[in-house]
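Tertiary structure, described
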Amino acid sequence: MAAGAPLITFDKVWKSYGQGEARVHALAGVDFAIRRGEFVAIMGPSGSGKSTAMNIIGCLDTPTAGTYSFMGVDAGRLDRNRRAMLRNLYVGFVFQGYNLLARTTAAENVELPLIYRGVASRERRDLAMQALAQVGLVGREHHTPAELSGGQQQRVAIARAIVTRPTLLVADEPTGNLDTARTHEIMELLTKLNKELGLTVTMVTHEADVADYAERTIRFLDGHVVSDTANLETA
Amino acid sequence: MIWETVRLSLRSIRRNVLRSFLTLLGIVIGVAAVIAMLTIGSGTTQKVKADISKLGSNLLVVRAGRPAGPGGPGGLDQVVRPLAEKDLAALVAHLTGARAISPASQKQVRVIFGTESLTSGVTGTDSAYLDARDWKLVSGRPFSDSETRSGTGVCLIGETVRQQFFGAGDPEGEIIRVNRTSCKIIGLLEPKGYTGFGQDQDNVVLMPLHAYQRRIAGNRDIDNIYIAADDRTPTSELQPRVEDILRDIRRITPDRESDFGIRDMTQIADAMASATTTMTGMLGAVAGVSLLVGGIGIMNIMLVSVTERTREIGIRLAIGAHEKHILIQFLVEATVLSLLGGIIGILIGLGLAGLASATLTIPFAPSPAVILLAVGFSALIGMVFGFFPALRGARLDPIDALRHE
């Protein structure tokens, strides 16, 4: 990847479902680029195509037409396993519902991506502890999700996302299940990770005050980008 | 990675203890049935072989009357001509390749000592009988030739008879009454236990043939002639020689069938053993069907497990698991599950076989090959029946899987 080139590029990306009359376009020719180190909020009502765009950004999904390049790679044309490899190496995911494995301790949840990388058990443990320290969860390593609060669970999920030292963090409504105080904490944490580690963060949200934590907001409507603006420094 | 996966699957089995146990049950029952059947079966085969060799291996038994078999005419118009002393004499004079030739006539007779009585198998025979049957004396001596010739009232008794009349005492020299005739005990036979057909081989009294004929049977007939082949001569070779000599002495013209039968104990042993082996195989096959049912149980529960854990699969795929990781995870889980069932099944099967061999007094004959086969087979069942559900899990679309509630 050439220096200064965008990390993520959408070039006339279409995503369509169904056939003939019933054909629906979740994305209808979307163009945008995200540079390394950016903190971008993606907004829009449901059905606007923002989740589809996020799935493509996270290499979970592929465009029907157009090109999605990630780190200079045409990620939209890769097969399942190569995309899995990209996810494992460069992408961390944070979901609205935390998506931790039940009855599995915080440390084990955080170690999970490292298992698929083939990292040895001792090193896994060390890296997981570091990641948990980064999200401020020292002393909770052996708690299972059921023994943790929502905010703590989301911190574990963030630790799991950053334990592989990814280039990109994909967050899908990360504060959707949290109260105002917890939302504030999680957003502070994401901002800190963005600033301190240079982690590129893309975040889907429908709350304007959450989007305000980002440097830039991309708004979707009916499969199109309707606005792409830099945010004023806040928080 | 594999170790990691095995640990993971053990944990998921532990989490659903009851469900895992019920799933295992199919495999457990299947493997236990197969192991028990095959172990009991091979024990029975051993027992049958041992029993028949107790009757005497390399032994031919001649008895009067046409051998039973298809194609033979009905016996009504045919008066059975018993074996006689001259037949025995001819065999003794002309037969080569025999180690011992001995006559025997038998009858169940009431035997009395003091106030005790017992119905016992009384055999009239000669001194070669012990050799022919391969029986041994614990104490005392066999009949002398003169005792055999003159039909003296002497006898050898089996262990059951001794216990009935004398407890732990020494029976030698005591006089017992056998069917209104008295005879003096001169020796005790080695205990032989029961045959596989439930016959007490120690409830016997042996006496000289002439004494038996005169005082018990009241005729001059010989029921059986026992012929033991020597070490160099197979019974299959001996049999036609016996037949020739007897046809000659009994003046049977070539156009007529023999009016006596020759049973080869070795053949009977082989036939019985192969019959039990066939039985064992059939029972094993039936038990094997339950293994198949167990396998379907595994498949069923693995499908449930994959559906239940769709979200988990989605998470794993999202954070970088490959299809093969998911496939291996569920395959290992199914294999561990069925292997666990297999091992429990083997233990239960061996336990059942042990119990059966204790109650049926057959040898406990576990076969390492069968056990190994059962372990391998149950692992295979896990893999085969776990593959389809595992593949289904691995092929899930991560987006759909994550959306799954």
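Bear in mind the structure is a predicted one, so any value in this text is a computation, not a measurement.

What counts and how
- Residues numbered from 1 in each chain as written.
- Chains lettered and ligands numbered in written order.
- Predicted model: local features only at pLDDT ≥ 70, side-chain atom pairs only at ≥ 80, totals over all residues.
- Heavy atoms only, no water.
- Helix = DSSP H or I, 4+ residues; strand = E, 2+ residues; numbered from the N terminus.
- Rg over C-alpha atoms; globule rule 2.2 N^0.38 Å.
- Buried < 20%, exposed > 50% of the residue type's maximum accessible area, 1.4 Å probe, protein only.
- Contact = heavy atoms within 4.5 Å.
- Areas by Shrake-Rupley, 256 points an atom, 1.4 Å probe, with all protein chains shown as cover.
- Lys, Arg positive; Asp, Glu negative; His and termini not counted.
- Charge placed at Lys NZ, Arg CZ, Asp CG, Glu CD.
- Buried area = accessible area lost by both parts, 1.4 Å probe.
- Salt bridge = Lys/Arg side-chain N within 4 Å of Asp/Glu carboxyl O.
- Polar contact = N/O pair within 3.5 Å; in protein donor to acceptor, adjacent residues only side chain to side chain.
- Nonpolar A, V, L, I, M, F, W, Y, C, P; charged D, E, K, R; others polar.
- Domains from an automatic or database assignment.
- Axes fitted to C-alpha atoms, helices over the stretch in contact; angles between N-to-C directions.
- Parallel < 35°, antiparallel > 145°, perpendicular 65-115°, else oblique.
- Left-handed = near helix turned anticlockwise from the far one by under 90°.
- UniProt positions renumbered as here; feature names shortened; annotations may be inferred.
- Patch = residues over 30% accessible without salt bridge, like charges linked within 9 Å, V, L, I, M, F, W, Y side chains within 5 Å.
- Pairing = 2+ DSSP bridges.

A closer look at the overall build of chain A
Regarding its fold elements, chain A presents seven helices and 10 strands. Here the C-alpha radius of gyration of chain A, 18 Å, is about what a compact globule of 235 residues would show, namely 18 Å. Referenced to the eigenvectors of the C-alpha coordinate spread, the extents of chain A come out at roughly 55 × 40 × 40 Å. Classification of the 235 residues of chain A by burial places 54% in the buried group. Restricting to contacts in chain A with at least 6 residues of sequence separation, those with at least 24 account for 69%. With the model as given, the accessible surface of chain A reaches about 10,200 Å², and the carbon-plus-sulfur share is 50%. Here chain A contributes 25 positively and 26 negatively charged side chains, and the mean placements of these two sets differ by 6 Å.

Things to note about the interface of chain B and chain A
How big an interface is tends to be stated in terms of accessible area lost as the parts join. If you look at the interface, chain B gives 26 residues, while chain A gives 24 residues. Taking both partners together, chain B and chain A bury about 2,200 Å²; carbon and sulfur atoms supply 55% of that area. Here chain B and chain A share two salt bridges between them. A salt bridge links A:R80 to B:E323; the nearest nitrogen and oxygen atoms lie 2.7 Å apart. Viewed at the interface, chain A and chain B are joined by 10 residue pairs in polar contact (both at pLDDT 80 or more). At the level of elements, α1 (2-15), α10 (310-318), α11 (323-359) and α13 (398-403) of chain B are the ones that each hand at least two residues to the side of chain B that touches chain A. If one sorts the elements of the side of chain B that touches chain A by residue count, α10(B) sits on top with six residues. Tallied by class, the residues present in the side of chain B that touches chain A amount to 11 nonpolar, four polar and 11 charged.

Quick notes on the domain arrangement of chain B
If you check the domain split of chain B, you get domain 1 (2-51 + 270-403) and domain 2 (82-258). Spacing between the C-alpha centres of domain 1 of chain B and domain 2 of chain B amounts to 55 Å.

Quick look at the packing of helix α5 (residues 150-162) of chain A against helix α6 (residues 180-197) of chain A
Residues and elements named next belong to chain A. Orientation of α5 relative to α6, taken along the N-to-C sense of each, is 15°, at an axis distance of 10 Å. With respect to α6, the axis of α5 lies roughly parallel. Note on packing geometry: the crossing formed by α5 with α6 is right-handed. Counting all contacts with α5, which are made through G151, Q154, R155, I158 and I162, the residues of α6 involved are R182, E185, I186, L189, L190 and L193. Here the residues of the contact of α5 with α6 sort into six nonpolar, two polar and three charged.

Re the UniProt feature "domain: ABC3 transporter permease C-terminal" (unreviewed entry) in chain B
Mapped onto this numbering, the UniProt entry gives "domain: ABC3 transporter permease C-terminal" (unreviewed entry) at residues 285-398 of chain B. The span residues 285-398 of chain B is 86% helical and 0% strand by assignment, and the distance between its end C-alpha atoms comes to 43 Å.

Some remarks on unusual backbone geometry
All names here are of chain A. At K12, a position not held by glycine, the phi torsion is positive, near 50°. Tracing the backbone shows K12 in strand β1 (residues 8-17). Judged by its relative accessible area of 51%, K12 is exposed. Positive phi, close to 65°, is recorded for Y98, a residue that is not glycine. Following the sequence through the fold, Y98 ends up in the loop between β6 (91-94) and α3 (106-117). We classify Y98 as buried; its relative accessible area is 10%.

Focus: a nonpolar patch on the surface
Together, B:L18, B:F21, B:L22, B:L25 and B:I29 give the surface a local cluster of nonpolar side chains, amounting to about 500 Å² of exposed area. Among the structural elements, B:L18 can be located in helix α2 (residues 17-56).

Remarks on the sheet that holds strand β9 (residues 216-221) of chain A
All names here are of chain A. Spatially, the six strands line up as an open sheet ordered β6-β7-β8-β3-β9-β10, and their pairing is mixed. Taken across any chain shown, the strands that pair with only one partner, and hence form the sheet edges, are β6 and β10 (224-230). Between one strand axis and the next, the sheet turns by 15° as a mean value, whatever way the strands run. Pairing of β9 with β10 involves six bridges; the strand directions are antiparallel. By the bridge assignment, F220 is partnered in β10 with V225. Of the strands in this sheet, β3 (39-43), β7 (168-172), β8 (200-204) and β9 touch helix α1 (residues 50-57), which is tilted by about 150° from β8. Helix-sheet contacts for α5 involve β6 and β7, and the interaxial angle to β6 is about 170°.

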